[in-house]
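These are the residues of each chain, in order.
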Amino acid sequence: NAGVTQTPKFRVLKTGQSMTLLCAQDMNHEYMYWYRQDPGMGLRLIHYSVGEGTTAKGEVPDGYNVSRLKKQNFLLGLESAAPSQTSVYFCASSSTGGRYEQYFGPGTRLTVT
Amino acid sequence: GQQVMQIPQYQHVQEGEDFTTYCNSSTTLSNIQWYKQRPGGHPVFLIQLVKSGEVKKQKRLTFQFGEAKKNSSLHITATQTTDVGTYFCAGLNTGTASKLTFGTGTRLQVTL
């Protein structure tokens, strides 16, 4: 049982390049989330999904797109990376049924130069 | 939108001293969760509080949820070096598909 995995672990992009971050979970969770973490700002929700084929905007969605084609995968895309998107990105998942605790992946450290 | 503030931002204690972090929400919460993030790691769930005035203990950690369900605290008794990390509270509003609003976190440093 791997839990939540993220690829890649590290990435350096140049301004204007694009990339996709992959999140996978093997816990059969309905809900999945993408956060970014910046120093002194805690975790901010980018996008989330309440089930396969659904996505919704979070607190800071601009510059990002997501897709959830399969229940176990949640992809985060940056179409044209900007230095302001330098951050650590965490994926998380949770089940339904009232408990709502979120399980986090190990994170992706992204630097945009 | 909802805001969740935590104080202090940083605290440095000597091993054996107590530590408390406080969490305040701008809106009433249906529940509050606490997470711990070790340096270089990812957030790990500690506990969830649901009822007004609820108090829960995990060994040396005591969690409280305020009567108005707008504030919470985490108290660590007799800190150890293994307590080092950042502690986040996260508030949940019902009807938001389990979306959490995370506090800004309190970073705890413990030295011998």
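Whatever comes next refers back to the structure up there.
Before going into details, it helps to say that this report is about the structure given with it.

Definitions and cut-offs
- Residues numbered from 1 in each chain as written.
- Chains lettered and ligands numbered in written order.
- Predicted model: local features only at pLDDT ≥ 70, side-chain atom pairs only at ≥ 80, totals over all residues.
- Heavy atoms only, no water.
- Helix = DSSP H or I, 4+ residues; strand = E, 2+ residues; numbered from the N terminus.
- Buried < 20%, exposed > 50% of the residue type's maximum accessible area, 1.4 Å probe, protein only.
- Contact = heavy atoms within 4.5 Å.
- Pairing = 2+ DSSP bridges.
- Axes fitted to C-alpha atoms, helices over the stretch in contact; angles between N-to-C directions.
- Salt bridge = Lys/Arg side-chain N within 4 Å of Asp/Glu carboxyl O.
- 1 Å grid on protein atoms, 1.4 Å probe; cavity = no way out; pocket = protein on both sides within 12 Å on 5 of 7 lines; lining within 4 Å.
- Points joined across faces, edges and corners; volume = space filled by probe spheres on them.
- Nonpolar A, V, L, I, M, F, W, Y, C, P; charged D, E, K, R; others polar.
- Phe/Tyr/Trp six-rings, centres within 6.5 Å; stacked < 30°, edge-to-face > 60°.
- Buried area = accessible area lost by both parts, 1.4 Å probe.
- Polar contact = N/O pair within 3.5 Å; in protein donor to acceptor, adjacent residues only side chain to side chain.

### Section: the environment of valine 88 of chain A
Residues and elements named next belong to chain A.
Right, so step 1: Structurally, the position occupied by valine 88 is in strand 9 (residues 87–94).
Right, so step 2: Overall, the relative accessible area of 15% leaves valine 88 in the buried class.
Right, so step 3: Measuring from C-alpha to C-alpha, the distance between valine 88 and glycine 107 comes to 6.3 Å, with 19 residues separating the pair along the chain.
Right, so step 4: Aside from chain neighbours lying at most four places away, what touches valine 88 is Tyr35, Arg36, Gln37, Thr108 and Arg109.

### Considering the sheet that holds strand 8 (residues 73–78) of chain A
Residues and elements named next belong to chain A.
Right, so step 1: Pairing is antiparallel in the open sheet, where four strands are placed in the order 1-3-8-7. Each of the sheet's edge strands pairs with one partner strand only, and the pair in question is strand 1 (4–7) and strand 7 (64–67). Direction aside, the axes of adjacent strands within the sheet are offset by 20° on average.
Right, so step 2: Of the strand pairs in this sheet, strand 3 (residues 19–25) and strand 8 are connected by six bridges, and their pairing is antiparallel. Within the sheet, the bridge partner assigned to leucine 21 lies in strand 8 and is leucine 76.

### A short note on the pattern of salt bridges
Residue and element names in this part refer to chain A.
Right, so step 1: For the structure shown, the criterion picks out five salt bridges over all chains.
Right, so step 2: Its salt-bridge partner being aspartate 38, residue arginine 36 comes within 2.9 Å of it at the nearest N-O pair.
Right, so step 3: Taking relative accessible area as the criterion, arginine 36 reaches 8% and is therefore assigned buried.
Right, so step 4: Salt bridges sharing common partners tie together Arg36, Asp38 and Arg44.

### Comments concerning the layout of surface pockets
Right, so step 1: The calculated volume of the largest pocket comes to roughly 710 Å³.
Right, so step 2: Residue assignment for the lining of the largest pocket shows that the elements contributing at least two residues are strand 9 and strand 11 (108–112) of chain A together with strand 9 (85–92) and strand 11 (106–111) of chain B.
Right, so step 3: Per-element tally for the lining of the largest pocket: the top contributor is strand 11 of chain B, with four residues.
Right, so step 4: A per-class count over the lining of the largest pocket returns 11 nonpolar, 17 polar and five charged.

### Section: the packing of aromatic side chains
Right, so step 1: Under the counting rule described, the total for this entry stands at 12 aromatic pairs over all chains.
Right, so step 2: Pairing tyrosine 35 of chain A with phenylalanine 102 of chain B gives two aromatic rings, centres 5.4 Å apart and planes at 85°, and the pair type is edge-to-face. Here the residue tyrosine 35 of chain A occupies a position in strand 4 (residues 31–37), and phenylalanine 102 of chain B occupies one in strand 10 (residues 100–102), the pair thus bridging two chains. Here tyrosine 35 of chain A and phenylalanine 102 of chain B have matching classes, each one buried.
Right, so step 3: For the pair phenylalanine 88 of chain B and phenylalanine 102 of chain B, a centre-to-centre distance of 6.3 Å together with 80° between the ring planes defines the contact as edge-to-face. Of this pair, phenylalanine 88 of chain B sits in strand 9 while phenylalanine 102 of chain B sits in strand 10, and the two are 14 residues apart along the sequence.
Right, so step 4: Note on phenylalanine 88 of chain B: relative accessible area 2%, which makes it buried.
Right, so step 5: Judged by relative accessible area, phenylalanine 102 of chain B falls into the buried class, the value being 6%.
Right, so step 6: Clustering of aromatic rings is evident, with ring pairs tying together Tyr33, Tyr35, Phe90 and Phe104 of chain A together with Tyr35, Phe45, Phe88 and Phe102 of chain B.

### Notes on the interface of chain B and chain A
Right, so step 1: Between chain B and chain A, the residue contacts involve 18 residues of the former and 20 residues of the latter.
Right, so step 2: Across the interface of chain B and chain A, roughly 1600 Å² is buried in total on both sides, 60% from carbon and sulfur atoms.
Right, so step 3: Counting every contact that joins chain B to chain A gives zero salt bridges.
Right, so step 4: Here chain B is connected to chain A by three residue pairs in polar contact (both at pLDDT 80 or more).

### Describing the sheet that holds strand 6 (residues 55–58) of chain B
Residues and elements named next belong to chain B.
Right, so step 1: A sheet is described by the order of its strands in space; here five strands give the open sequence 1-3-8-7-6, paired in antiparallel fashion. Looking along the sheet, the strands with just one partner apiece sit at the ends: strand 1 (4–7) and strand 6. With strand direction ignored, the average angle separating the axes of adjacent strands in the sheet is 15°.
Right, so step 2: Bridge count for strand 1 against strand 3 (residues 19–25) is four bridges, and the pairing is antiparallel. If you follow valine 4 over to strand 3, its bridge partner there is serine 25.

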